4 protein chains.
Amino acid sequence: MTETSAQNFLDKTLGHLRGAWRGIAGGLSGDGELILGPALPDSDLDRLREQMRACLEGRGGEVSARARAASLGRAYIGLSAEGRARFLTVLASDFGVDHADVQAGAQAVVSAADEGSLLRAERQLRNALQPPRVRLLTQFNALPEGVKFLVDLRAELLPLALENSALKGLEADLKDLLIQWFDVGFLELRRIKWDSPASLLERLIAYEAVHAIESWDDLKNRLDSDRRCFAFFHPRMPDEPLIFVEVALVSGMTGNIHALLDEDAPVIDPESADTAIFYSISNAQKGLAGISFGNFLIKRVVDELSKEFKGLKTFATLSPIPGFRDWLDGRFAEGELKFLTAGERKALKSAGLAGGSKGGLKNALESGLWDETPDLAAALSGPLMRLGVRYIADEKRGDGRALDPVAHFHLTNGARVERLNWMADTSDKGMSQSAGMMVNYRYKLDEIDGNHEAYSGKGEVRVSSAIRNLAK
Amino acid sequence: MTETSAQNFLDKTLGHLRGAWRGIAGGLSGDGELILGPALPDSDLDRLREQMRACLEGRGGEVSARARAASLGRAYIGLSAEGRARFLTVLASDFGVDHADVQAGAQAVVSAADEGSLLRAERQLRNALQPPRVRLLTQFNALPEGVKFLVDLRAELLPLALENSALKGLEADLKDLLIQWFDVGFLELRRIKWDSPASLLERLIAYEAVHAIESWDDLKNRLDSDRRCFAFFHPRMPDEPLIFVEVALVSGMTGNIHALLDEDAPVIDPESADTAIFYSISNAQKGLAGISFGNFLIKRVVDELSKEFKGLKTFATLSPIPGFRDWLDGRFAEGELKFLTAGERKALKSAGLAGGSKGGLKNALESGLWDETPDLAAALSGPLMRLGVRYIADEKRGDGRALDPVAHFHLTNGARVERLNWMADTSDKGMSQSAGMMVNYRYKLDEIDGNHEAYSGKGEVRVSSAIRNLAK
Amino acid sequence: MTETSAQNFLDKTLGHLRGAWRGIAGGLSGDGELILGPALPDSDLDRLREQMRACLEGRGGEVSARARAASLGRAYIGLSAEGRARFLTVLASDFGVDHADVQAGAQAVVSAADEGSLLRAERQLRNALQPPRVRLLTQFNALPEGVKFLVDLRAELLPLALENSALKGLEADLKDLLIQWFDVGFLELRRIKWDSPASLLERLIAYEAVHAIESWDDLKNRLDSDRRCFAFFHPRMPDEPLIFVEVALVSGMTGNIHALLDEDAPVIDPESADTAIFYSISNAQKGLAGISFGNFLIKRVVDELSKEFKGLKTFATLSPIPGFRDWLDGRFAEGELKFLTAGERKALKSAGLAGGSKGGLKNALESGLWDETPDLAAALSGPLMRLGVRYIADEKRGDGRALDPVAHFHLTNGARVERLNWMADTSDKGMSQSAGMMVNYRYKLDEIDGNHEAYSGKGEVRVSSAIRNLAK
Amino acid sequence: MTETSAQNFLDKTLGHLRGAWRGIAGGLSGDGELILGPALPDSDLDRLREQMRACLEGRGGEVSARARAASLGRAYIGLSAEGRARFLTVLASDFGVDHADVQAGAQAVVSAADEGSLLRAERQLRNALQPPRVRLLTQFNALPEGVKFLVDLRAELLPLALENSALKGLEADLKDLLIQWFDVGFLELRRIKWDSPASLLERLIAYEAVHAIESWDDLKNRLDSDRRCFAFFHPRMPDEPLIFVEVALVSGMTGNIHALLDEDAPVIDPESADTAIFYSISNAQKGLAGISFGNFLIKRVVDELSKEFKGLKTFATLSPIPGFRDWLDGRFAEGELKFLTAGERKALKSAGLAGGSKGGLKNALESGLWDETPDLAAALSGPLMRLGVRYIADEKRGDGRALDPVAHFHLTNGARVERLNWMADTSDKGMSQSAGMMVNYRYKLDEIDGNHEAYSGKGEVRVSSAIRNLAK
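The structure displayed is predicted, hence computed values, not measured ones. (Residues numbered from 1 in each chain as written. Chains lettered and ligands numbered in written order. Predicted model: local features only at pLDDT ≥ 70, side-chain atom pairs only at ≥ 80, totals over all residues. Heavy atoms only, no water.)

**Examining the packing of helix α6 (residues 81-94) of chain A against helix α11 (residues 165-181) of chain A**
All names here are of chain A. Contact geometry for α6 and α11: axes closest at 9 Å, N-to-C directions at 80°. It follows from the interaxial angle that α6 and α11 lie roughly perpendicular. Here L88, T89, L91, A92 and S93 of α6 come into contact with α11, specifically with A166, L167 and L170. Taken together, the residues of the contact of α6 with α11 break down into 6 nonpolar, 2 polar and no charged. (Axes fitted to C-alpha atoms, helices over the stretch in contact; angles between N-to-C directions. Helix = DSSP H or I, 4+ residues; strand = E, 2+ residues; numbered from the N terminus. Parallel < 35°, antiparallel > 145°, perpendicular 65-115°, else oblique. Contact = heavy atoms within 4.5 Å. Nonpolar A, V, L, I, M, F, W, Y, C, P; charged D, E, K, R; others polar.)

Structure (structure tokens):
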């Protein structure tokens, strides 16, 4: 990441906060403002450390300390990407735990003579293990948009932490803090409608990660009377969705995404729907990476929909298979022949593809034209569907998780693999990642716990009989 | 605390939650409900432990675990006081840290060879020191009113923990959790008005701890156009004030509480006020004992009032001196004579009190009539005012804090002792605790940080010149 | 009405508006303020007329005219009762229709030669008949609380108009205006709860006209989970209920008001209720006298309750019989004997009442003790119940309306007389007006239209068979 | 208007109401539904009249009558354009005033012998002049969106009434009703922001009548921090703006519309602005044509802005001159020469335009290229600016109103003509209507009343000295 692009990234991420900071001075700051050079030159480091120390010691009282933390926050915002990295390094390195204290505490635990002294030693050790930088991070929370500030700070910290062990520790501390604050118990489920603020809908457009929202008309279609969109919000970030899901209310289990995204498709009476299709679920905050809400979101939305529409019988997703083509390419390296039956090889040949030892399927896929050539597509459907099922249901990572991340997410949540759909997403992305196929993962309320246990405990993937047949 | 009164206490504290729980079953619980005998007989303990373990292991997925935690919570509500104590003891004893793990971790820290392994060992040790019961407590948070449940749980735990070291550890864990959740950054300042919900105002009447609210008319007077009332709320307990302050907007620094509480006193135009008197500040949640918001509340309210009323020049309290008479009684035990000047002794004598070596001041105070006897009161004012100043400004606890808790609170916040008021609160409580005197603590914006530092650092109490003169 | 009591009445009625007026000057008034002597001396009349004229002519534009109307309104508020009467008289007398114009217009209508000229003449005449004072009244509407001002103005005007024909015309104009503005289509139905603003609940206490609300605890009981309270509001008077009804959700048709008002009675689960009892309905605004909302309120509330509680089968009132004793006293003047059967006369005698030609029943009622004397009460129940039914169902005014106003209200709405309850309201008011009896009027959804037509068209009162039996 | 396009128009106008009607049946209708053929065949007319009569007579009570009115409303929605015209004709013709009654009443007024009988006769006559159809229209008001229904009904009625005198009377009645209901005192001023509901912002895009909103980005620019947008709303149509104004906060009086609409222009700090430019004001409801709010809207917005931004010194519009080119074309017919000075004629000639007796100016304007030809534009600016001032300030209609409708609007409101701006709107519309010029009308608070009186009373147009100089 060059300095300029980093700066752009930071500007984009944090830029909208600047307005918010304006109001702080009158609100909290009693002091002069902390002014730092954009790249945080060495000559500014002592003043920075001093300000951090003053916050931690609560000089002038807790309220003043918070005001000083606000000033620190504003100073951070004013820095270049390089300056921010240096700022974070100071925070990480100079305000970690005191290792000597920790070792002394550990020694006391090791040598505790009785239960009473063990308990005391443990408590003391726990305090010693709490790095001061965590208290400093907490103080940012009193600022307007302070929580959003910390979330965005982590978004910046994550790539930096990959290469720097001190920053890695800071990032882990911040994650622990955010896990506490973003406990699902604190989150609010809100329905998002065409009546919602435009400023919020604009964020949906920006954050949608599965099927890009092309325009305001596209968005309006996704919020029509036979659709539902729900998001989790945190009370301290009331304008920022954390994660959101888009649902279509339909008759029968939809197997094609274009039918759902077609703005000209007729609107159905949602009271007549028997199926809810979760066709997009997107995390909205980079800074909350690794903190999971999707499981709760789906369950809560199923509850909401069940209450509103008594006719709903089936809850299922319509999901991409993002890792399929990559996995398949890996397999091709090993020779494709073993994937195909004799009949399939013959069919491909008669569809015009010379099936040499490395040809056939691979060539067909890469020809880029097969989705527009009915014969060829027909010849491909057999082997690709079979391979798709194998990829989703059988392929695992070393730790036993399903190889496909979307499969892993829904299987962990207790869904089963219900149906594989051919030519379900023929967009460029759909073709290049999932060979145009999509999966319905189904949430059957009385099987969720069992499915979860089977998958989490034994790595067992539950599938419908249709899927089982396909796999043969 | 007898069982009956404990039960009453619990009923009162938690009773209003019961309605809320009704709705949960449909919302979260997938399982059968946990049914326990009211006094939690031994035969139920295994099922209880099993349910706690199932929650912690996340069996059936996180959502099911939360539903199970809800069931645990409802089971707790259904217990008698004895049963609850047993429930808490199970939680405290069986779900604390694994001491063997901790000791192994501590050993690893002690013997870490390089920085990398030290950091790893520290992180591992930190995890080992995190007791499972904390995760269980967190899971209650997903319930409707779950946060209020935990706050009230701590209110019940606090007296039990005084005599039980396992419960003491649990209480400390819960306190740490609540400190995280109730960080001031998460709190919302709201003005309370006569237009506020009656159900909220009813709580103010119940929670007011300084000058009891006698009736709805009394309350209405305290919410009139020349008054302000502000409270902090937590987003997850939106109907429950955490702490609130009552303010009168007046001309000149009020020195008499009855003037403020008089419902027939004329209402002044608040735009003409030059002084804001903070005449009552009450913590509303027993379960948040030891978690301090008052400092922030006062500062925020000063900010709000400054913005609304440009004419305000002075911010001060009108505060009781709750420990004065107790302290004075202690002094009497040592002989009162040294308190009085010759002139004062003479004045007391001529006011009709035989001032023997142990008589005089003490007798006068205990006569219970002096506030209605002008001559006597006049004779007492000199010595009592002087003693009052001495008590507030000079008397310290062993650790250097001011002996009087109210003085300590405002001095820590950066206020100074501005004025002592004679015959300022002649209610029974005012006479018996504070000898009828009240103090104005003054918040001068440009002195707050300095005052705080002087007091917190060096135990130095800042006073006005008037107070200094009284002390001579 | 003496001047002082009128002043008190006015102060009470309009006093709370004064605060609201303060803000107007900055908002609308561009001019100097209109200052008038409190009793509106003759010397001020010309300036008053001039200001009224300036408003009507829209001098300086419509916005300035409204500002001038605001100034007029404030001037009115500042007047004594006498001054107000004079103010209204000026408005009524000097700004009525121009009779010459009207007569010319009428002449044009009479002599119109063809349809076109008739239509034109009619339109012109309609304009001529619109008095300028109506436009002036309308202009008050742009003020903060302007609608409430006009409603309260009519409350003051109503008694004055009884004796003054000019004021009578003004009152009629104002009523026409308010009828337009307070069309039920504009009203909002809101549920009132214990969570509603205390300032609103305080008004309920003041406005309750049927069973006085004794205290905030009494009110809280009426807003408990097995109760409902609904009111109509106008969007321009959002804090002022226009009419409200109190409903109890019960099992079986309640026949005793004390059971409903008992604060210690157990709360039932409203989901288990089969009957909704409308036990109090009060008009809140004197200035809207003669403009009826009760019919719509009851129907809307029945709809709301039916939606919320599927188990409700019966909707009925529990109503007083306010005119019964007065009517009975009138009958006594004619000799009571014809009311009683021989058996009843005997029973009264044996209950200790010498029943001479004018004694017996009348004496018993006036003894004031019979409700505490079981024997006597038992002897009275027969004749009083029978007379009660006769009074409610048979006694009519000259115009065919039921004599009892409450009966007339519910019969017009389409209810039937369902049950008469003995010893149902033994409060002083209940005994002295209704001889302690109360009526259940029942709203059967499929009979409402038919009942209404029968009563409105033919004066026919529909009753249950139980009532029919009582009447025999 | 062909049947198809009328249908389209109606569908567009009323289509969105259909959803709203769905809910009514359960809410109000007790009866069977009124079903009519789409074109309202003769065979349905009797049932229609019968239903109208039943509503007016209040059969079954007022609530049932309203339910029946709802059914009528739904029936209307279901009709074709032709059917609707027939429906309205029935309402207009059969439910107007009873002319015989009116004439009898008029006769009674003419022959009234004394004041008492005159007053009575007048009142009776007023009632006779009130057509029943007005009461029927009022009953629609109780429906969900009933007010919007009537507003849209008038939008449909207006073109029909041009050619049909019965419908003209109905339209006039409806207008009178709406004037009462939409009195400015009932309207709410709301600020519209980027945080407002997308469904509302979508309406702004549709309703903007002055400078079309090209996209959501264009709209967002108009709602930025240095802009303000305000609208009036009626409480019974809370999602529908009635009229709205767009304001830019700038330094100095902006004379060019493109500067304001440029999405890439820098955002200024609104606190630093000294001028508020009202650059667009649009009526949003066709059905409220002829009912004026603009005057009040501007005044209220000036008040709001003055309160929020203390630095604002100047309030002015940036307005088109929509009738200028049409007027000029009319003048050309009379020969252009008299418009030009000798110098101007020479300048035009040297800019390449052969200025024959009818050539020159007209040709230049019609060349369509002059705005891209600097020399030519320079030569045109003198005469066009002079003619522009003449058009705005001097040209009047027969009734004394300014010929230009925008000029008339602002002059009536009390603004003065402040500045004429050359090349201020070079869009196609701006060039073809206003020759690219725009006017700043200025609202000086202390001159508004005087300006209004001068214009309304004497037809005198107040202008700045700059304008006066241009006119020479």
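**As for the packing of helix α7 (residues 99-110) of chain C against helix α8 (residues 115-128) of chain C**
Geometry of a packed helix pair, given as the angle between the helix axes and the separation of the axes. All names here are of chain C. Relative orientation of the contacting elements α7 and α8 amounts to 165°, with a least axis distance of 9 Å. Viewed along their axes, α7 and α8 adopt a mutual orientation that is roughly antiparallel. Remark: the crossing between α7 and α8 carries left-handed chirality. Across the interface between the two elements, D101, V102, G105, A106, A108 and V109 from α7 touch L118, A121, E122, L125 and A128 from α8. A class-by-class count of the residues in the contact of α7 with α8 yields 8 nonpolar, 1 polar and 2 charged. (Left-handed = near helix turned anticlockwise from the far one by under 90°.)

**Concerning the pattern of salt bridges**
Counting across every chain of the model gives 129 salt bridges over all chains. With its nearest N and O atoms 2.8 Å apart, the salt bridge here joins E156 of chain C to R84 of chain C. Here E156 of chain C is found in helix α10 (residues 146-161), whereas its partner R84 of chain C is found in helix α6 (residues 81-94), with 72 residues between them in sequence. Owing to a relative accessible area of 4%, E156 of chain C belongs among the buried residues under this scheme. Measuring nitrogen to oxygen at the nearest pair gives 3.0 Å for the salt bridge that ties D183 of chain C to R66 of chain D. With D183 of chain C in the loop between α11 (165-181) and β1 (188-191) and R66 of chain D in helix α5 (residues 62-77), this residue pair bridges two chains. (Salt bridge = Lys/Arg side-chain N within 4 Å of Asp/Glu carboxyl O. Buried < 20%, exposed > 50% of the residue type's maximum accessible area, 1.4 Å probe, protein only.)

**Remarks on the interface of chain D and chain A**
It is common to report an interface's size as the accessible area lost on association of the parts. Across the contact, 10 residues belong to chain D and 10 residues belong to chain A. Buried area between chain D and chain A, summed over both chains or domains, comes out near 860 Å², and the portion from carbon and sulfur atoms is 53%. Of all residues in chain D, W194, A198 and W216 of chain D give up the largest surface area on contact with chain A, accounting jointly for 49% of the area buried on that side. The salt bridge partner of E202 of chain D is K220 of chain A, with a shortest N-O separation of 2.6 Å. On the surface where chain D and chain A come into contact, there are 10 residue pairs in polar contact (both at pLDDT 80 or more). The set of elements that each furnish at least two residues to the side of chain D that touches chain A consists of α12 (198-207) and α13 (216-222) of chain D. Per-element accounting of the side of chain D that touches chain A gives the leading share, 4 residues, to α12 of chain D. Looking at the side of chain D that touches chain A residue by residue, the class counts come to 5 nonpolar, 2 polar and 3 charged. (Buried area = accessible area lost by both parts, 1.4 Å probe. Polar contact = N/O pair within 3.5 Å; in protein donor to acceptor, adjacent residues only side chain to side chain.)

**Points about the interface of chain D and chain C**
Chain D puts 52 residues into the contact, and the matching count from chain C is 52 residues. Buried area between chain D and chain C, both sides added, is near 4500 Å², and the carbon and sulfur share of it is 55%. Our count for the chain D to chain C interface comes out at 8 salt bridges. Joining chain D to chain C, the criterion identifies 21 residue pairs in polar contact (both at pLDDT 80 or more). Broken down by secondary-structure element, the contributors of at least two residues to the side of chain D that touches chain C are α5, α7 (99-110), α8 (115-128), α11 (165-181), α15 (294-308) and α22 (448-458) of chain D. Looking at the side of chain D that touches chain C residue by residue, the classes come out as 20 nonpolar, 17 polar and 15 charged.

**Digging into helix α16 (residues 324-333) of chain C**
Residues and elements named next belong to chain C. Within the sequence span of α16, burial applies to F324, R325, W327, L328, R331 and F332. In a view along the axis of α16, the buried residues occupy a sector of 155°, so they form one face of it. Exposed residues on α16 whose side chains face more than 90 degrees from its buried face are D326 and A333. Structurally, α16 contributes buried residues whose contacts are with α18 (361-366), α19 (374-393) and α21 (428-434). (Arc of directions from axis to C-beta.)

**Points about the packing of aromatic side chains**
The tally for this structure, following the rule as stated, stands at 38 aromatic pairs over all chains. Grouped by ring-pair contacts, the aromatic residues Y76, F87, F140 and F149 of chain A constitute a single cluster. R190 of chain D extends its terminal NZ or CZ atom over the ring of F233 of chain D, reaching a point 3.7 Å from the ring centre. (Phe/Tyr/Trp six-rings, centres within 6.5 Å; stacked < 30°, edge-to-face > 60°. Lys NZ or Arg CZ within 6 Å of the ring centre and 35° of its normal.)

**Remarks on the relation of the copies chain D and chain A**
Screw-axis analysis of chain D against chain A gives a translation of 0.1 Å along the axis, an RMSD of 0.1 Å, and a rotation angle of 180°. Read as a symmetry element, the transformation amounts to a two-fold axis. Here 100% of the interface residues in chain D have copies in chain A that are interface residues too; the copies meet face to matching face. (Least-squares fit on C-alpha atoms with pLDDT ≥ 70 in both.)

**Description of the environment of N283 of chain B**
Residue and element names in this part refer to chain B. Looking at the secondary structure, you find N283 in strand β4 (residues 275-283). When its relative accessible area of 51% is taken as the criterion, N283 is described as exposed. For the pair N283 and K472, spaced 189 residues apart in sequence, the C-alpha separation works out to 36 Å. Once residues lying within four places of it in the same chain are set aside, the contact partners of N283 are Y207, L242 and I243.

**Concerning the relation of the copies chain D and chain C**
Once chain D has been moved 0.0 Å along the axis and rotated by 180°, it coincides with chain C to within an RMSD of 0.1 Å. In this assembly the copies share their binding face: 100% of the residues contributing to the interface of chain D also contribute to that of chain C.

**Observations concerning the confidence of the model for chain A**
Residues and elements named next belong to chain A. When pLDDT is averaged along chain A, the result is 87, and 90% of the positions lie at 70 or above. Mean pLDDT in chain A bottoms out at helix α3 (residues 24-27), which sits at 31, and peaks at strand β7 (residues 438-442), which reaches 98. When the criterion is pLDDT under 50, residues 1-31 qualifies, and its contacts beyond four places in sequence or with other chains add up to 57 contacts. The ipTM value of the predicted complex is 0.86, and its pTM value is 0.89. (pLDDT = per-residue confidence, 0-100.)

**Here's the deal with the environment of A112 of chain D**
All names here are of chain D. Relative to the helices and strands, A112 is located in the loop between α7 and α8. Given a relative accessible area of 23%, A112 falls into the partly exposed group. Discounting chain neighbours no more than four positions away, the residues touching A112 are S117 and L118.

**Details of helix α22 (residues 448-458) of chain A**
Residues and elements named next belong to chain A. Taken together, the buried positions of α22 are I448, N451, H452, A454 and Y455. The buried residues of α22 occupy one face: seen down the axis, they fall within an arc of 165°. Exposed residues lying more than 90 degrees from the buried face of α22 are G457 and K458. The inward-facing, buried residues of α22 abut α20 (405-412) and β6 (416-421). Looking one or two places after α22, you find G459, whose phi comes out positive at around 70°.

**Brief notes about the environment of G368 of chain A**
For G368 of chain A, the location among the structural elements is in the loop between α18 (361-366) and α19 (374-393). Sequence separation between G368 of chain A and L261 of chain A is 107 residues; the distance between their C-alpha atoms is 23 Å.

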